[in-house]
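Observations on chain architecture
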Amino acid sequence: MGWESYVVVHNIAKRHNVGTLARSATAFGVSELILVGRRDFNSFGSHGSSSHLGFRHFHSLQDARNFLKDKDCDICGVEITHDALPVNRHPFTKTTAFLLGNEATGLSPKECEICDFFVYIPQYGGGTASLNVTVAASIVLHHFAVWAGFTERSRDGNKFVVAERPVKQNRRNYCTEAEESIIEERKARRENAANGFFDETESGNSSSNLLDALFVDD
């Protein structure tokens, strides 16, 4: 049976990290990048790889959890907890979604509640307390790909062969929302302003404007 991997993105402080996460996700065979909360983000750092990756949006962590559980998917928190296992032990048993914490604060209690288990990345040097979220994601996703037996991509010279670019997606249909869903999202933004997906005051751009950047190469 073929296993799959997912990345769940929630409450990451630096918008450009999402684009870099997309690049790592495509490199290590992730099926979808799941956005929870706000839909807007900056694809800077993806280097066009976002067009090779599926995106899905949910208003709440519980909605995302329900979707993943319907797929019989484990949810793995990447965090140093008392019961976390080192990722190099490959403690995976099936299709897995990886939830990464905020760069500054790690996983919140609410995020930890939806996780089935936790992994951490062992460190061997004493110069830093933690890794950048995109670096951590790359390490964990590589370990899962090795465990799951994903087929290594063919190479051409000193680079890997990039798949043919899919038919360009409509910039507006990535997260097309019904009116009721838009109202729900706006309500969720107000209720979660203190710890939302991103700081809404940074740019003043609307979700639709920032979504335009999703399929633009950097």
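Analysis parameters
- Residues numbered from 1 in each chain as written.
- Predicted model: local features only at pLDDT ≥ 70, side-chain atom pairs only at ≥ 80, totals over all residues.
- Heavy atoms only, no water.
- Phe/Tyr/Trp six-rings, centres within 6.5 Å; stacked < 30°, edge-to-face > 60°.
- Helix = DSSP H or I, 4+ residues; strand = E, 2+ residues; numbered from the N terminus.
- Buried < 20%, exposed > 50% of the residue type's maximum accessible area, 1.4 Å probe, protein only.
- Salt bridge = Lys/Arg side-chain N within 4 Å of Asp/Glu carboxyl O.
- Pairing = 2+ DSSP bridges.
- Polar contact = N/O pair within 3.5 Å; in protein donor to acceptor, adjacent residues only side chain to side chain.
- Contact = heavy atoms within 4.5 Å.

1. Things to note about the packing of aromatic side chains
The final tally for this structure, using the stated rule, is nine aromatic pairs. Pairing tryptophan 3 with tryptophan 147 gives two aromatic rings, centres 6.0 Å apart and planes at 25°, and the pair type is stacked. Of the two residues, tryptophan 3 sits in the segment before strand 1 (5-9) while tryptophan 147 sits in helix 4 (residues 133-148), which places them 144 residues apart along the sequence. With relative accessibility at 26%, the residue tryptophan 3 sits in the partly exposed group. Between phenylalanine 144 and tryptophan 147, the ring centres sit 5.4 Å apart and the planes meet at 45°, which makes this aromatic pair tilted. With a gap of three residues between them, phenylalanine 144 and tryptophan 147 both fall in helix 4, about one helical turn apart. A connected cluster of aromatic rings, assembled from ring pairs, spans Trp3, Phe92, Phe98, Phe117, Phe144, Trp147 and Phe150.

2. What to know about the pattern of salt bridges
The tally for this structure, following the rule as stated, stands at five salt bridges. The salt bridge partner of aspartate 74 is lysine 94, with a shortest N-O separation of 3.9 Å. Here aspartate 74 is found in strand 4 (residues 74-78), whereas its partner lysine 94 is found in the loop between strand 5 (85-86) and strand 6 (96-100), with 20 residues between them in sequence. Each member of the pair, aspartate 74 as well as lysine 94, is classed as buried. In this structure, glutamate 152 and arginine 155 form a salt bridge, with 3.8 Å as the shortest nitrogen-oxygen distance. Sharing partners across several salt bridges, the network here consists of Asp72, Asp74 and Lys94.

3. As for the pairing of strand 1
For strand 1, the buried fraction is high: five of the five residues fall into the buried class. The sheet contact formed by strand 1 and strand 6 spans four bridges and is parallel. In the strand pairing of strand 6, tyrosine 6 is matched with alanine 97. As paired strands, strand 1 and strand 2 (residues 32-36) are joined by four bridges and run parallel to one another. Considered in strand 2, the bridge of tyrosine 6 is made with glutamate 32.

4. A word on the side chain of lysine 94
At 2.8 Å, the side chain of lysine 94 and the side chain of aspartate 72 are in polar contact. Apart from residues lying up to four places away in sequence, lysine 94 is in contact with Trp3, Asp72, Cys73, Asp74, Phe144 and Trp147.

5. Quick word on the environment of isoleucine 34
Mapped onto the secondary structure, isoleucine 34 falls in strand 2. For isoleucine 34, a relative accessible area of 0% gives the class buried. For isoleucine 34 and valine 9, which are 25 residues apart along the polypeptide, the C-alpha to C-alpha distance reads 5.9 Å. Apart from residues no more than four positions distant in its own chain, isoleucine 34 is found in contact with Tyr6, Val7, Val8, Val9, Arg56, Phe58, Ala64, Phe67 and Leu68.

6. Structural notes on the pairing of strand 4
Of all five residues in strand 4, five are buried; the element is thus mostly enclosed. Residues Asp74, Cys76 and Val78 point to one face of strand 4 and Ile75 and Gly77 to the other, with burial holding for every one of them. In terms of strand pairing, strand 4 meets strand 7 (residues 117-120) through three bridges, oriented parallel. Each residue of the ladder has a partner; that of valine 78, found in strand 7, is valine 119.

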